[in-house]
Amino acid sequence: MTQKKPNIILIFADDLGMGDVSAFNPESKIHTEHIDALAQDGMRFTDSHATSALCTPSRYGLLTGRYNWRSQLKSIVIPGDAQSLIEKDRRTLPQMLKDHGYQTAAIGKWHLGMEWTLKDHKDYERYGVDGDKYRDQEADYQKGRPYFGNATAEPIFRGTDIDYSQPIKFGPLNYGFDYFYGTAASLDQGPFTIIENDRALYQPEYMAGDHNISRVEPETNRSIEAGVIAPEHSPYHVPDQMQAKALDVLDDMIEADAPFFLYYPNHLVHGPIIPQERFRGKSGIGDYGDFVLQLDAYVGEIADKLKEAGIYEDTLFIFTSDNGASPIVDIDRLKEEEGHDPSNGLRGHKMHIWEGGHREPTIVTYPRMIEANTVSNHMVSHSDFYNTIADILGEDKRDNVAEDSYSNLPLWQGEDQAVREDIIHSAGNGGFSIRRDFWKLIMVKDGGLGGYDRNVDSYKETFQATELYDLRDDLSESHNVIDDHPDVVTELSQALVDYIKEGRSTPGEPQTNQADLPTGDWEQVAFMPDYEDYVQGLNQAAVEKGQISQEELDKNSALKDKD
């Protein structure tokens, strides 16, 4: 008898650390009873990784099965008013599921760009802003308009040039979702309005937020970025609104006579750290712990809904996070004063190339396949979900789809064997590391948070082999042994170069990476022996496709002789 297709729920938490889930951290001061219950019913993955240490790129990797740095986005994240990042002809996880008869819905934080209907100018005055003061301060190239490369920058005020009365021309519905309800970006990122399908539900009317919000310091962790906001919009209430909608949509999906995929990229526990009043004080360690418990309660409500409908055993339930814990929660204070370590002993945090930046608390529950209360210590990536689900459904592999996705199905079925030889990570500034078995080679200085000058010498100084760790007995990455193992450095460096050039890390026909526009420099691959020739080849392809003119490339590139 053919096994019926599983329903699928994928909860993608935001900025949740390995140490914040008590199933992964016995010393956690936060008791996440509902997430722990999922772990009891399924499999915990102790060596599971986001494709990036930041949220936009890790979402790209999750939904496409492709490393994020192969896209136009080479570093950092995109603003909420950016255009679509995922290539319009790229097959996504929801598109595959639709082709197999699934109902599909996405509720929550999108943060992959949308084709907003734009005005021909930034309408500062409409939102009470003195345009003469700020117009000249805007970057030459706004990220996502249309370029996403390293030399682009976020706008001073998010969302001032969007016509919110008009439909979104390309967004979640075009990537395979039947229904979308959520926000364009994070809880603290504008434009601040809720979107349903291809429309903003509320018209932004004024400006709100802080120009100087920090992404690393705790002083502004209850603040939002400067952006346009609708009077009906409240970051305090948005998470509850998303949860209510997720439960309503789940009711409708359960009633329908077809399997369903609910993608729930939850806003929690990204800043602003403002838990609902009913959770205040529950953790005993402050607002951040209470925020985690709010997320935990949401997970419990979703699981209870499935159980009440009698379909819990027929549902593949995935829980994970997009990157490590954010430093805005004041990790040092939590460790020193509360005895709670959001990174669970791992070095670093969100944005870092070290393990604390991208190792995630991943749980997969599917009672009809996965044995309860089991643990896998094998290395896996969020990009692997694509081909794992494809294998369950009998989907044929395609050379230009999910190029970095290895099926984890053998692990889910209880086999104790590695499913991938290596894995590539990327940091906040786009720097790489490559892991093979227990060896981890880092190809960027300062953990991937440092800056650099816009010249080739600085690129090569910043993005080179700097650290090597043996994770068997140094999971905290405390002992850099790069000088002791030159053979390992050579082997892993070459493997990384090969994976970059092949456009894939799985078997199949070579594919092409996107160029770093508008400069064409892609400085993060400056460690490659033929770096300049390689990126020039990508740039030429971009010119031939009409993505940019050669004149504009020459004007912006540090590789071009300015003399």
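Just above, that's the structure.
Calculation notes
Residues numbered from 1 in each chain as written. Predicted model: local features only at pLDDT ≥ 70, side-chain atom pairs only at ≥ 80, totals over all residues. Heavy atoms only, no water. Buried < 20%, exposed > 50% of the residue type's maximum accessible area, 1.4 Å probe, protein only. Helix = DSSP H or I, 4+ residues; strand = E, 2+ residues; numbered from the N terminus. Pairing = 2+ DSSP bridges. Axes fitted to C-alpha atoms, helices over the stretch in contact; angles between N-to-C directions. Parallel < 35°, antiparallel > 145°, perpendicular 65-115°, else oblique. Contact = heavy atoms within 4.5 Å. Nonpolar A, V, L, I, M, F, W, Y, C, P; charged D, E, K, R; others polar.

Visitor: Describe the pairing of strand β10 (residues 260–264), naming the residues involved and giving the relevant values.
Guide: Among the 5 residues that make up β10, 5 are buried, leaving the element largely enclosed by the rest of the structure. Of the two faces of β10, the one carrying F260, L262 and Y264 and the one carrying F261 and Y263 are both buried. Pairing between strand β1 (residues 7–13) and β10: 4 bridges, direction parallel. When the sheet's bridge partners are listed, I9 is paired in β10 with L262. Pairing geometry for strand β4 (residues 103–109) and β10, over 4 bridges, is parallel. Bridge pairing in β10 links A105 to L262.

Visitor: Tell me about the packing of helix α1 (residues 33–41) against helix α6 (residues 287–308), and name the residues and values.
Guide: For the pair α1 and α6, the least separation of the axes is 7 Å and the interaxial angle reads 50 degrees. Viewed along their axes, α1 and α6 adopt a mutual orientation that is oblique. In contact with E33, H34, I35, L38 and D41 of α1, α6 contributes D296, A297, V299, G300 and K307. Its residues assigned to classes, the contact of α1 with α6 comprises 4 nonpolar, 2 polar and 4 charged.

Visitor: How would you sum up the pairing of strand β5 (residues 179–183)? Please name residues and give values.
Guide: Among the 5 residues that make up β5, 5 are buried, leaving the element largely enclosed by the rest of the structure. Residues Y179, Y181 and T183 of β5 are buried on one face, and the alternating residues F180 and G182, pointing to the opposite face, are buried as well. In terms of strand pairing, β4 meets β5 through 5 bridges, oriented parallel. Directly across from I107, in β5, lies its bridge partner Y181. Taken together, the 2 bridges between β5 and strand β6 (residues 195–196) define a ladder with antiparallel strand orientation. When the bridges of β6 are listed, Y181 appears paired with E196.

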